[in-house]
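So the chains spell out like this:
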Amino acid sequence: MNKYDVLIIGAGFAGSVMAERFANDGKKVLVVDKRSHIGGNMFDYIDDNQVLVHQYGPHLFHCKDFFVLDYLKNFSNWYPYEHRVKGYVNGKVVPIPFNLTSIEMLFDEDEANALKEALINEYGMEQKVPILMLRKSNNVMIRGLADFIYEKVFKFYTMKQWDLTPEQIDPKVTERVPVFISYDDRYFQDEYQFLPEDGYTKIFEKMLSHPNIDIRLNTKAQDILKINFEDHKIIFEGSEFSGLFIFTGQLDELMNYRYGKLSYRSLYFDLQSHDGIYQETATVNYPTPEAEHAFTRITEFKHLMQIKPQRTTIAIEYPYPYDENGEKGNIPYYPVFTDENKTIYDQYVEDIKAFDSFVLLGRLAEFRYYNMDGVVAAALNKYKELTQGNLND
Ligand SMILES: Cc1cc2nc3c(=O)[nH]c(=O)nc-3n(C[C@H](O)[C@H](O)[C@H](O)COP(=O)(O)OP(=O)(O)OC[C@H]3O[C@@H](n4cnc5c(N)ncnc54)[C@H](O)[C@@H]3O)c2cc1C
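Worth saying up front: this structure is predicted, and the values here are computed from it rather than measured. (Residues numbered from 1 in each chain as written. Predicted model: local features only at pLDDT ≥ 70, side-chain atom pairs only at ≥ 80, totals over all residues.)

*Asks:* Explain the overall build of the chain to me, please; I cannot follow it from the model alone.
*Replies:* For the chain, the count of helices and strands is 12 helices and 22 strands. At 23 Å, the chain has a C-alpha radius of gyration in line with the 21 Å of a compact globule built from 393 residues. Considering only C-alpha atoms, the chain reaches an extent of 75 × 50 × 40 Å along its principal axes. Per-residue burial for the chain yields a buried fraction of 37% across its 393 residues. Considering only residue pairs separated by 6 or more positions, the chain has 70% of its internal contacts joining residues 24 or more positions apart. (Helix = DSSP H or I, 4+ residues; strand = E, 2+ residues; numbered from the N terminus. Rg over C-alpha atoms; globule rule 2.2 N^0.38 Å. Buried ≥ 20, exposed ≤ 12 C-beta atoms within 10 Å, placed from the backbone. Contact = placed C-beta atoms within 7 Å.)

*Asks:* What is the right way to look at the site of the ligand in this model?
*Replies:* Looking at the ligand, there are 37 residues lining it, with Gly 10, Gly 12, Gly 40, Gly 249 and Gly 362 nearest. Those elements giving two or more residues to the shell around the ligand turn out to be helix H1 (13-24), helix H9 (221-224), helix H10 (251-254) and helix H12 (372-388). Each of domain 1 (6-38 + 208-262 + 336-388) and domain 2 (43-66 + 78-84 + 186-197 + 264-335) accounts for three or more of the residues forming the shell around the ligand. (Near = placed C-beta within 6 Å. Domains from an automatic or database assignment.)

*Asks:* In this structure, what is going on with the nonpolar core? I would like to understand it.
*Replies:* The nonpolar side chains of a soluble globular protein tend to be buried, and buried together. If you look at the biggest cluster of nonpolar residues, it comprises 65 residues, and the most contacted ones within it are Ile 8, Met 18, Ala 19, Val 29, Val 31, Ile 246 and Ala 379. It is H1 that contributes the most residues to this core, 7 residues altogether. Residue-level mapping places this core at the junction of two domains, with at least three residues from each of domain 1 (6-38 + 208-262 + 336-388) and domain 2 (43-66 + 78-84 + 186-197 + 264-335). Dropping the residues within four chain positions of it, Ala 379 is found in contact with Phe 13, Ala 14, Val 17, Met 18 and Leu 361. Of all hydrophobic cores here, the second largest spans 29 residues; its members include Val 89, Leu 100, Phe 156 and Tyr 157. (Core = buried A, V, L, I, M, F, W, Y, C linked by C-beta atoms within 7 Å.)

*Asks:* What am I meant to see in helix H6 (residues 140-162) here?
*Replies:* Because each turn of an α-helix spans 3.6 residues, side chains separated by three or four positions in sequence point in the same direction. At Tyr 150, H6 shows its largest kink, close to 45°. One or two residues past the end of H6 sits Asp 163, with phi positive at roughly 60°. (Bend = angle between axes of the 7 residues up to and from the residue.)

*Asks:* For this particular structure, what's the right way to read the domain arrangement of the chain?
*Replies:* If you check the domain split of the chain, you get domain 1 (6-38 + 208-262 + 336-388), domain 2 (43-66 + 78-84 + 186-197 + 264-335) and domain 3 (89-181). Listed as interface residues are 10 residues of domain 2 and, on the opposing side, 11 residues of domain 3. Among the secondary structure elements, those contributing two or more residues to the side of domain 2 that touches domain 3 are strand E18 (283-285) and strand E20 (311-321). When its residues are assigned to classes, the side of domain 2 that touches domain 3 shows 5 nonpolar, 3 polar and 2 charged. (Nonpolar A, V, L, I, M, F, W, Y, C, P; charged D, E, K, R; others polar.)

*Asks:* Whenever I open this one, the pairing of strand E13 (residues 225-228) confuses me. Can you help?
*Replies:* On any regular strand, side chains alternate: one points to one face of the sheet, the next to the other face. Summarising the sheet, E13 and strand E14 (residues 233-236) pair through 4 bridges and their orientation is antiparallel. Note on E14: the bridge partner recorded for Ile 227 is Ile 234. Connecting the antiparallel pair E13 and E14 is a turn made up of 4 residues, with His 232 showing a positive phi of about 55°. (Pairing = 2+ DSSP bridges.)

Structure (structure tokens):
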């Protein structure tokens, strides 16, 4: 007999939402994470400066679907916060996404007016245009502007972040930060934009506080279970596990890289303390060549807080190649979307289909980019599907 009905690997949003839902249903749940804390990449803590630091980079909640926010309100109060990002371009600090104000700050009045008029005539106000599309415009003036923005905002940032040019990566990546024909300088335009009153970690503490949930930290899945590919069984601590198995980690690692390694990009955050205020907004991007600034952005967490402490903490963000054994860059932050990775990933997924009750969920296990609202929505939908339908449908 299994002690647990549901075994979940990973205590990020994917794993924790599933744990909370099933525990509420009266199921006994075990959540396992290799890290020393819950919350996955959402983990935050108060540091010596009394600043709430997001350990794995700044995390801003924004979404269009009320049901996600409605669910998350069970675990925290939320306050309105609209994120604004600036970027270093030609020695000036201008709004990112690049918008009509950015044009006004970087060009003289006549040229700026002509450029704005051309953009508005071609695309209309309040429109978001991906940079790669803007570069294909038939209008010579727009193409000239697009080349400028490509060079000054996208090219080096993308090369630093991904070690690839904007053309080499999946267009969805550059589409996430389009050129915005607007004076709206908010980074997101979603209807719901909030931050949790006491930080994200408190949300996870509440989610996982149900008496039906046991948590094991500092524990790697591979150390407590074996995936048996011959007879499609999961052996958990010596005996067959017949409950629901939810995996939210790296699939290639779990499956001993039998079809090869998937590639990821990593980051390193250099945390620094300062007096007062360091920069004018929460995040300033450095889309400059690597020789000028090796980092991509600086985040000052104090700007995200309702009550601002005296001192301040900044995170200087350096992109890194992923190396699981490296001193830096040992966290797989971003799946790299290439055809080769897709082929490898699909082979792993084929193998999983032969198992009963084996669910892949979250940004690592599904090998895709999810915002937190996307991962919460995916978990809530998967829970519904599993409890209302047949698991293997
Ligand atoms: C730098 C950065 C900034 C971001 N900013 C935003 C933002 O502003 N807004 C937003 O909505 N989203 C943001 N995101 C996305 C957000 O972080 C993710 O959507 C969310 O954290 C995904 O949750 P998850 O549960 O899928 O993965 P994770 O949070 O990564 O959780 C997976 C957990 O599984 C554990 N694990 C993995 N493998 C194993 C194993 N073999 N054994 C045991 N444990 C294992 C890991 O330790 C981890 O704790 C950002 C992401 C990054 C990288």
